[in-house]
Amino acid sequence: MAGNCLISSANVREWVKGCAVGAGSFGIVNLAMNKFTGELFAVKSALSGPGLQSLENEADILEDLDSPFVIQCLGREFSNESNGEQRLNLFMEFMAGGSLSDVAEKFGGALDESVIRLYTREILEGLKYVHKNSIVHGDLKCKNLLVGSSGNIKLADFGCSKRISSSKNDAGSKFSWQSICGTPLWTSPEVLRNEGLSFASDIWSLGCTIIEMATGRPPWGDKISNPMAAVFKIACSNEVPQFPTKFSNEGLDFLAKCFQRDPTKRWTSAELLNHPFVLRNLRKEDVNSPVSILDVGLYESDYDDSDELAKVIEEKHRSKFPSLKRQRSRKGRKCRDNDWASSENWITVRSG
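Residues numbered from 1 in each chain as written. Predicted model: local features only at pLDDT ≥ 70, side-chain atom pairs only at ≥ 80, totals over all residues. Heavy atoms only, no water.

A. Region of the structure containing the environment of Cys 19. The residue Cys 19 is located in strand β1 (residues 15-23) in this model. Judged by its relative accessible area of 51%, Cys 19 is exposed. Apart from the residues within four sequence positions on either side, Cys 19 is in contact with Val 29, Asn 30 and Leu 31. (Helix = DSSP H or I, 4+ residues; strand = E, 2+ residues; numbered from the N terminus. Buried < 20%, exposed > 50% of the residue type's maximum accessible area, 1.4 Å probe, protein only. Contact = heavy atoms within 4.5 Å.)

B. Structural view of the packing of helix α3 (residues 113-132) against helix α5 (residues 199-215). Axis separation between α3 and α5 bottoms out at 11 Å; the angle between their running directions is 160°. In terms of orientation, α3 lies roughly antiparallel with respect to α5. The two elements α3 and α5 meet at a crossing, and its hand is right-handed. Here Ile 116, Tyr 119, Thr 120, Ile 123, Leu 124, Leu 127 and His 131 of α3 come into contact with α5, specifically with Phe 199, Asp 202, Ile 203, Leu 206, Ile 210, Met 213 and Ala 214. For the contact of α3 with α5, the residue count by class is 11 nonpolar, 2 polar and 1 charged. (Axes fitted to C-alpha atoms, helices over the stretch in contact; angles between N-to-C directions. Parallel < 35°, antiparallel > 145°, perpendicular 65-115°, else oblique. Left-handed = near helix turned anticlockwise from the far one by under 90°. Nonpolar A, V, L, I, M, F, W, Y, C, P; charged D, E, K, R; others polar.)

C. How the structure looks around the pairing of strand β5 (residues 86-93). Buried residues dominate β5, accounting for 6 of its 8 residues. In this structure, strand β4 (residues 73-80) lies alongside β5, joined through 7 bridges in antiparallel fashion. Note that in β5 the partner of Glu 77 across the bridge is Asn 89. Hairpin connection, β4 to β5: the antiparallel pair is bridged by 5 residues, and Gly 84 has positive phi, about 95°. (Pairing = 2+ DSSP bridges.)

D. Here's a closer look at the packing of aromatic side chains. By the definition in use, this model includes 7 aromatic pairs. Centroid distance Phe 254 to Phe 277: 5.1 Å. Interplanar angle 45°. Geometry classified as tilted. Highlighted residues: Phe 254 in helix α7 (residues 249-258) and Phe 277 in helix α9 (residues 276-279), separated in sequence by 23 residues. For the pair Phe 254 and Phe 277, a shared accessibility class is recorded, and that class is buried. Among the aromatic side chains, those forming a connected cluster through ring pairs are Trp 15, Phe 41 and Phe 91. Across from the ring centre of Trp 186, 5.9 Å away, lies the NZ or CZ of Lys 141, which sits over that ring. One cation-aromatic arrangement involves Lys 257 over Trp 267; the distance from NZ or CZ to the ring centre is 5.0 Å. (Phe/Tyr/Trp six-rings, centres within 6.5 Å; stacked < 30°, edge-to-face > 60°. Lys NZ or Arg CZ within 6 Å of the ring centre and 35° of its normal.)

E. Structural context of the UniProt feature "binding site: ATP" (unreviewed entry) in the chain. Cross-referencing UniProt, the feature "binding site: ATP" (unreviewed entry) maps to Lys 44 in the present numbering. Here Lys 44 lies in strand β3 (residues 40-47). The exposure class assigned to Lys 44 is buried, which follows from its relative accessible area of 1%. (UniProt positions renumbered as here; feature names shortened; annotations may be inferred.)

F. Looking closely at the nonpolar core. Of all hydrophobic cores here, the largest spans 52 residues; its most connected members are Leu 100, Ile 123, Leu 206, Met 213 and Phe 254. No other element matches the 8 residues that α5 contributes to this core. For this core, the domains that each give at least three residues are domain 1 (15-93) and domain 2 (98-164 + 181-280). Once residues within four sequence positions are removed from consideration, Leu 100 is found in contact with Leu 111, Tyr 119, Cys 142, Leu 145, Val 147, Ile 153 and Met 213. Within the second largest apolar cluster, 8 residues are counted, among which are Val 29, Leu 52, Leu 88 and Met 92. (Core = buried A, V, L, I, M, F, W, Y, C linked by side-chain atoms within 4.5 Å. Domains from an automatic or database assignment.)

Here you go:
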């Protein structure tokens with residue numbers, strides 16, 4: 001619906017707000033409908049202050065992104081409330097499955113490793129794309145990954161994202177403690193130590209997200225005594241989260257590549273896309289049902305180059321879901337995706 005459901009302030013009366021489908025740190029997420037086409041989309045709203053700033057920050061990140069592995073914005077609208085506050089509505093594609101956290105909960109909390117392999121590959125495709133565009137996501141976790149009805153995964157909630165000036169950044173760019181974003185249990189040690197942000201920070205969070213998918217619990221869930229103790233352990237010890245006990249050797253090796261405490265030693269998203277953990281289930285006979293865009297009958301032996309494989313997957317995705325082709329945003333158009341939900345007792349820390 002992305003290309004056919006662009007909403008602007010000039011035709012505000014063409015849509016109607018439905019029931020709430022989620023709540024972020026700074027606003028409510030509602031289902032919405034285009035009254036003339038019947039198409040469904042999501043609208044996220046925030047008032048003046050930190051919430052509005054967070055929405056606008058994400059707009060700056062998302063307005064130039066165009067990938068089947070990243071949530072798509074459809075438009076924006078500013079309005080003035082009766083009390084003088086300004087409201088920003090963000091329109092974006094509706095992902096019928098909700099967050100990956102919601103999906104896991106509905107299927108018993110933990111996901112089968114074969115599904116985790118498929119989901120992980122799509123998350124990696126999204127990370128590879130945003131990293132190539134010099135963007136660090138900054139808050140990767142199951143609640144910020146959205147699932148389509150076909151099982152496709154998209155990166156969402158770019159409110160904590162940062163632009164990195166150099167694509168060759170290793171140690172990361174320096175920033176103040178007040179600018180730290182993310183959810184502590186998913187955050188890399190170097191970020192918690194305020195040493196810098198880099199693409200490798202997202203790879204550590206990816207490892208945490210895989211543990212979350214496999215166990216149905218937050219990473220470090222077996223070692224938490226109190227929030228500050230957990231942050232200290234992640235930042236200053238030599239430990240890593242406990243790996244899933246029933247994971248394959250391929251899965252354990254993949255996690256080991258994500259949880260190098262030295263960020264310069266972590267594998268990149270491009271390198272991880274060639275890891276056996278995410279390659280094996282690309283074979284058609286390994287997929288039992290067409291629950292993902294990866295069920296396209298591709299054999300890993302046919303594609304030695306990860307970029308070539310990614311292009312084939314993307315073309316399959318676009319041809320399979322033509323209504324989700326994005327209408328390119330005009331310069332300055334405000335579009336953003338905010339939190340779908342908070343993460344249990346942890347709050348998402350954002351810069352003001």
